[in-house]
Amino acid sequence: MSPENRRYTIHLGVAMLAYGLTLVGSITAINNGELSQWGAGLASMTPLVPAFYALQVFIRRVRSMDEFQQRIVTEAIAWSAGIVGFCSFGYGFLEGAIDAPRISYIWVLPALIGVYGIAQCIFYWRASR
């Protein structure tokens, strides 16, 4: 494993561990019921801190890639944003037309990450052919 990949793996692992701990901690604090509305609101936002750190780790990793890898990542991100954006846009029209269930905004980032991962795999596969 290259030093860049090792550093990325360690830092992303730390960020995800911190995310998991803050998520469990914030849910526990909120469900405990001893927080004011503002306190519960602040507690619900604490997992964003390690998530933002994970974003910084990802951006640092992309900057350390060569031009070919950066092009693949950029294209995968563009497709991910486009696909998730158009799906949410279309679903918004659907919600207005029929009695479709509302989908929480909390699913947007996981959808972006998931579609990005699939797109990146496709682009690397296509480039290797």
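Cut-offs applied
Just so you know, the residues in each chain are numbered from 1, in the order the chain's sequence is written. Given that the model is predicted, a residue must reach a pLDDT of at least 70 before its local features are reported, and side-chain atom pairs must reach 80 or more before they are shown or counted; all residues, however, enter totals for whole chains, interfaces and linings. The basis for every side-chain value is the complete set of heavy atoms in the structure, and neither hydrogens nor water enter the calculation. Runs of H or I in DSSP of at least four residues are treated as helices and runs of E of at least two as strands, each being numbered from the N terminus. A helix's residues, less one, multiplied by 1.5 Å, set its expected span. Throughout this description, buried means an accessible area under 20% of the type-specific maximum (1.4 Å probe, protein chains only), exposed means over 50%, and partly exposed covers the range between. We call two residues in contact when some of their heavy atoms are within 4.5 Å. In the analysis that follows, any N or O atom pair within 3.5 Å is treated as a polar contact, provided that within protein one partner can donate a hydrogen and the other can accept it, and provided that, for residues neighboring in sequence, both atoms belong to side chains. Here a salt bridge means any side-chain nitrogen of Lys or Arg lying within 4 Å of a carboxyl oxygen belonging to Asp or Glu. Comment: arc refers to directions from the helix axis out to C-beta atoms. The convention used is that axes are lines fitted to C-alpha atoms, helices contributing only their stretch in contact, and that angles between N-to-C directions extend from 0 to 180 degrees. Here is the rule for angles: anything less than 35 degrees is roughly parallel, anything more than 145 is roughly antiparallel, 65 through 115 is roughly perpendicular, and the remaining ranges are oblique. Throughout, the ten residues Ala, Val, Leu, Ile, Met, Phe, Trp, Tyr, Cys and Pro are labelled nonpolar, Asp, Glu, Lys and Arg are labelled charged, and all others, Gly among them, are labelled polar.

Novice: Sorry if this is basic, but what is going on with helix α4 (residues 67-97) here?
Specialist: Think of an α-helix as 3.6 residues a turn; residues three or four steps apart then line up on the same face. Taking 1.5 Å per residue as the helical rise, α4 with its 31 residues ought to reach 45 Å, and the 45 Å between its terminal C-alpha atoms agrees with that figure. If you check which residues of α4 are buried, you get Ile72, Val73, Ala76, Ser80 and Val84. Elements that come into contact with the buried residues of α4 comprise α3 (48-63) and α5 (108-128). Two to three positions downstream of the cap, the backbone nitrogen of phenylalanine 68 sits 3.2 Å from a side-chain oxygen, assigning the N-cap of α4 to aspartate 66.

Novice: Hey, could you run me through the pattern of salt bridges in this one?
Specialist: Two side chains with opposite charge may pair up if their charged atoms get near one another. Tallying each qualifying case throughout the model produces two salt bridges. When the shortest N-O distance is used, the salt bridge between arginine 71 and glutamate 75 registers 3.6 Å. One end of the pair is arginine 71 and the other is glutamate 75, both in helix α4 and four residues apart, which spans about a single turn. Given a relative accessible area of 45%, arginine 71 falls into the partly exposed group. For glutamate 75, a relative accessible area of 26% puts it in the partly exposed group. In this structure, arginine 102 engages glutamate 95 in a salt bridge whose closest nitrogen and oxygen atoms are separated by 3.7 Å.

Novice: Even after reading the chapter, I still don't get α3, so can you show me in this structure?
Specialist: End to end, α3 covers 22 Å across 16 residues, agreeing with the expected 22 Å (1.5 Å per residue, within 8%). Turning to α3, its buried residues are Pro50, Ala54, Val57, Arg61 and Val62. Taken end-on, α3 shows its buried residues confined to a sector of 135°, consistent with a single buried face. Structural note: α3 exposes Val49 and Arg63 on the side pointing more than 90 degrees away from its buried face. Elements that come into contact with the buried residues of α3 comprise α1 (3-32) and α4.

Novice: Mind showing me how you'd approach the environment of alanine 29 here?
Specialist: Relative to the helices and strands, alanine 29 is located in helix α1. Considering only alpha carbons, one finds alanine 29 and leucine 17, 12 residues apart in sequence, at a separation of 18 Å.

Novice: How do you make sense of the packing of α3 against α4 when you look at a structure like this?
Specialist: Each pair of packed helices can be described by the angle between their axes along with the distance between the axes. Interhelical geometry of α3 versus α4 gives an angle of 135° and a closest axis separation of 9 Å. Put simply, α3 runs oblique to α4. Taking contact as the criterion, the partners of Phe58, Val62 and Arg63 in α3 are, on α4, Gln70, Val73 and Ile77. Broken down by class, the residue content of the contact of α3 with α4 amounts to four nonpolar, one polar and one charged.

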